[in-house]
Amino acid sequence: MEPEVITLLSKRELEKMRRAGRLAAELLNHLEPMVKPGVSTLELNDEAEHWTQAHGAKSAPLGYGPTDYPFPKSICTSVNEVVCHGIPNPRQILKAGDIINIDVTPIIDGYHGDTSRTFYVGKPSPVAKKLVEVTAECLRRGIAAVKPGGRIGDIGAAIQAYAEGQGFSVVRDFVGHGVHRIFHAAPQIPHYGQPGKGKKLRKGMVFTIEPMINEGSWEVELQSDGWTALTADRKLSAQFEHTVAVTEDGVEILTLAPVTVTV
């Protein structure tokens with residue numbers, strides 16, 4: 001078995017990743033006002049594709065994957081019990097009380113900006129609200145564990161400890177990943193694990209942290225389309241994702257939208 005090759009990005013490459021990351025964050029901001037009852041997930045997809053093209057980028061998910069069943073849409077829309085890779089559908093209409101993860105990956109100048117957020121559709125149930133809040137905090141804690149000289153296991157351990165401490169579970173089947181010119185590259189970033197274990201984190205490494213946290217069991221079922229993953233017990237799942245870079249003294253989040261200050 002060949003050793004895993006991890007790419008360390010140069011300053012020039014990191015600047016390109018920042019541009020792609022900002023674009024991804026801005027796309028989610030653009031879609032957020034559309035997340036309301038009565039809107040179909042296909043409408044979200046079509047607006048995302050239009051916006052992406054208008055900004056000189058292309059959608060990485062569209063046509064990605066095996067040649068016999070490539071991903072057919074431009075974004076992933078994962079509603080309620082869908083853990084990840086939900087396929088936008090004109091018949092899937094958002095309703096009050098739903099939660100939806102929107103996962104976007106525009107490519108600009110050859111580099112991928114990969115990010116996702118879970119949104120409320122109207123007013124969430126108490127358990128949905130807690131799940132989404134805990135998942136967002138899991139991402140924050142995972143990012144806070146990133147530093148040069150640390151280990152990949154530090155990230156997963158921080159996420160797992162918090163999620164399980166709040167009564168939820170961490171999906172094992174899907175993990176974070178290296179990202180740059182390649183959509184899914186080394187290293188893999190599990191959202192569970194032991195501190196001090198795994199590959200050492202080095203300046204220039206760029207990867208996603210994207211915990212999927214379930215209300216019930218961590219187990220998932222893959223549907224016949226080859227993409228859509230559901231919770232095995234059909235309870236809720238939530239996810240948040242950022243692309244991050246290991247810096248000389250810590251971590252930089254690359255998928256943050258610029259803050260606009262109004263005077």
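Just so you know, these numbers come straight off a predicted model, no measurement behind them.

A. Structural detail: the environment of Met212. Mapped onto the fold, Met212 is located in strand 12 (residues 212–214). For Met212, a relative accessible area of 2% translates into the label buried. Residues Met212 and Phe174 lie 38 residues apart in sequence; the distance between their C-alpha atoms is 7.9 Å. When residues no more than four places from it in sequence are discounted, the contact partners of Met212 are Val83, Cys84, Ser169, Val170, Val171, Phe174, Val175, His191, Ala238 and Gln239.

B. Focus on the pattern of salt bridges. If you walk through the whole model with that rule in mind, you get ten salt bridges. Close ionic contact of Lys129 with Glu133 constitutes a salt bridge, the shortest N to O distance being 2.6 Å. Residue Lys129 and its partner Glu133 are located together in helix 3 (residues 126–144), separated by four residues, close to a single helical turn. The class of Lys129 is partly exposed, set by a relative accessible area of 38%. Under the relative-accessibility criterion, Glu133 is labelled partly exposed at 40%. Members of the salt-bridge network, linked through shared partners, are Glu15, Arg18, Arg22 and Glu252.

C. The environment of Val5, seen in detail. Along the chain, Val5 turns up in the segment before helix 1 (11–31). C-alpha of Val5 to C-alpha of Val82: the two residues are 77 residues apart in sequence and 32 Å apart in space.

D. Looking closely at the sheet that holds strand 12. A sheet is described by the order of its strands in space; here three strands give the open sequence 8-12-15, paired in antiparallel fashion. With one partner strand each, in any of the chains shown, strand 8 (169–170) and strand 15 (237–239) form the two edges of the open sheet. As paired strands, strand 8 and strand 12 are joined by two bridges and run antiparallel to one another. Bridge assignment links Val170 to a residue of strand 12, and that residue is Ile213. Most of the contacts of helix 3 go to strand 15, to which it runs at about 35°, and overall it touches strand 12 and strand 15.

How each quantity is defined
Counting from 1, residues in each chain are numbered in the order their sequence is written. In view of the model being predicted, local features appear only for residues whose pLDDT reaches at least 70, and side-chain atom pairs are presented and counted only at 80 or more, with totals across whole chains, interfaces and linings using the full set of residues. Side-chain measures here rest on the full set of heavy atoms in the structure, leaving out hydrogens and waters. Helical segments are the DSSP runs of H or I of at least four residues, strand segments are the runs of E of at least two, and each set is numbered from the N terminus. Accessible area is worked out with a 1.4 Å probe on protein chains only. A residue is then buried under 20% of its type maximum, exposed over 50%, and partly exposed in between. Here, two residues are considered to be in contact whenever any of their heavy atoms come within 4.5 Å of each other. When a carboxyl oxygen of Asp or Glu is within 4 Å of a side-chain nitrogen of Lys or Arg, the pair counts as a salt bridge. Here, any two strands with at least 2 DSSP bridges between them count as paired. Where helices are involved, their axes are fitted lines through C-alpha atoms of the stretch in contact, as for all axes, and angles between N-to-C directions lie from 0 to 180°.

Treat this as a map of the structure, not an account of what it does.
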